[in-house]
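# Structural overview for review
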Amino acid sequence: MKNTNKEMSVRLLNALSEDYKTDAKLQSDKELTLSLVEKRPELYEYASDTLKADEEIASICFRNDGRLIRFAPESVRSDPKIALIAATDYPLCVSFLTGEAANSREIAEVVAKSGGSAIEALPEKYFSDKEIARIAVTKNAKNIRFFSESVRADESVCLAALAQDRTVCVYFADDAFASDKVFERSVRADRGVIGANTLTNDMPLGLFEKIAEKNMTIRLTAQKLDLLTIDYDKLYAVLSVCEGNVIRKKELLMRVVEKDDRKCAELLCEKFSVLPQTVKEILPYAVQHRKMRVLPYLMSFMNARSVGEREEREKIIRGLKRNSPKAVQTLFDSVAEYKNDREVILLCAGVNGEILKYIEDSPLFRDPEIVSACVKSYVVKNADKPFVQWFKDAKFSYDDLKVLCRKDYRNYFALSNDLQKDVGLCVEAVRSGIGVYDKMDEEMKKIPAVKEAKR
């Protein structure tokens, strides 16, 4: 019997709920409305204006669904007590509040604690409130982005945000990094070098200026920084703390010349060894567009480099003759200037065969002497593809192929089927390591010379 009565009660509730939506008499009955909204708070939308303004009814409805306050009269939407109930359930309802409720600090704190995007709907005055900001970032560190510059520069607010998420430093104001604590918790560093994958284009200028102030450095290749797309006002600061090579120098210099920025042009050309040829190619643009601040420097740079170039070449040659790794790296960094210089490239080929990677668009890539020297000097790296696969267009002699198979058996298996049937190459591959014989074709395994080469 109990189940039957309960079932009838549900039926009655459903029927009354449907009638309530259109029956003005029911919508004005407080006792009935109270009974209905206990189970169906959404019916608040259909209640009479008088009952919508009733504190008891509004409180019951908003406690279950704060969104319903949007249907409330202004007297309710401006009441801090009732609005607090709605905001506790649905923080985004603050966008519907008016008067005293809209300015309620207690409601602002509830919204800040929610951690959601409702914080955007708070009155403007709270975006300069450090205490509200601390509450907000403790729940969701990224909410710091909604606050004023003065708040985003406050040490206590920034540290509270960093305690939740180190990456939020991209939202800090430049002045935030005047604090050593904020700076040290924003980046990772090891012996004065900023840790890998720490920096992005979004980082504030103040962070890069702090790196410079502390005489720290950045290895550009280890960071997520793109000098061609980073905000221009950060470019000089980033270049000043970079070490190592900078790629796409021509495009970067063009960006600087477009801004007619002599200071940045000097730093780029001098610190990162921009080639005179690169400057020469950009010079007509500077003349045509009357870049009068940077133009005199570019012209003087070209004149000064003519002697310097010869000295640099001699220095590289001396270093290569001594098998200097530094000379090799210097050549790699400025290979565009020397890729057609046979003397330099041949010397490097005898020291480090990787130079072949850098001259694929040069006629010297097919120079037999250079190719053979590279074959003899290259160091096998298992992470790389086989040498013959990497340089399919290179002209390898038979002796080159024997050396390659002896150094790394993978070169043998990267050869054409016809070459894999060559006994001499197969023997060299088998000699290259333990277990290689077992990888060979059964026909090749039967050849006496191949069997004898087995380790």
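Everything below is about the structure shown above.
Below: a short report on this structure. Since we're looking at a predicted model, the values are computed, not measured.

## Concerning the packing of helix α16 (residues 249–258) against helix α18 (residues 276–288)
For the pair α16 and α18, interaxial distance at closest approach is 10 Å and the crossing angle is 30 degrees. When the axes of α16 and α18 are compared, the pair comes out roughly parallel. Judged by the twist between their axes, the crossing of α16 over α18 is right-handed. Contacts between α16 and α18 involve Lys250, Leu253, Met254, Val257 and Glu258 from the former and Thr278, Val279, Glu281, Ile282, Tyr285 and Ala286 from the latter. In the contact of α16 with α18, the residues fall into seven nonpolar, one polar and three charged.

## Side note on unusual backbone geometry
Negative phi is the rule for most residues except glycine; trans is the rule for most peptide bonds. If you check the backbone angles, Asp260 has positive phi at about 55 degrees while not being a glycine. The residue Asp260 is located in the loop between α16 and α17 (262–271) in this model. Positive phi outside glycine occurs at Arg290, with the angle close to 50 degrees. Looking at the element boundaries, Arg290 is found in the loop between α18 and α19 (295–321). Overall, the relative accessible area of 62% leaves Arg290 in the exposed class.

## A word on helix α3 (residues 30–39)
The complete set of buried residues in α3 reads Leu32, Thr33, Leu34, Leu36 and Val37. Near the N-terminus of α3, the side chain that reaches the backbone nitrogen of Glu31, with its oxygen 3.1 Å away, is that of Asp29.

## Side note on the packing of aromatic side chains
According to the stated counting rule, one finds nine aromatic pairs in the structure shown. Ring plane angle 40 degrees and centroid distance 4.3 Å describe the contact between Tyr378 and Phe387, whose orientation is recorded as tilted. Overall, the relative accessible area of 6% leaves Phe387 in the buried class. An aromatic cluster of three or more residues is present, and its members are Tyr378, Phe387 and Phe396. Against the face of Tyr232 rests Lys259, its NZ or CZ located 5.4 Å from the ring centre.

Basis of the calculations
Residues numbered from 1 in each chain as written. Predicted model: local features only at pLDDT ≥ 70, side-chain atom pairs only at ≥ 80, totals over all residues. Heavy atoms only, no water. Axes fitted to C-alpha atoms, helices over the stretch in contact; angles between N-to-C directions. Helix = DSSP H or I, 4+ residues; strand = E, 2+ residues; numbered from the N terminus. Parallel < 35°, antiparallel > 145°, perpendicular 65-115°, else oblique. Left-handed = near helix turned anticlockwise from the far one by under 90°. Contact = heavy atoms within 4.5 Å. Nonpolar A, V, L, I, M, F, W, Y, C, P; charged D, E, K, R; others polar. Buried < 20%, exposed > 50% of the residue type's maximum accessible area, 1.4 Å probe, protein only. Polar contact = N/O pair within 3.5 Å; in protein donor to acceptor, adjacent residues only side chain to side chain. Phe/Tyr/Trp six-rings, centres within 6.5 Å; stacked < 30°, edge-to-face > 60°. Lys NZ or Arg CZ within 6 Å of the ring centre and 35° of its normal.

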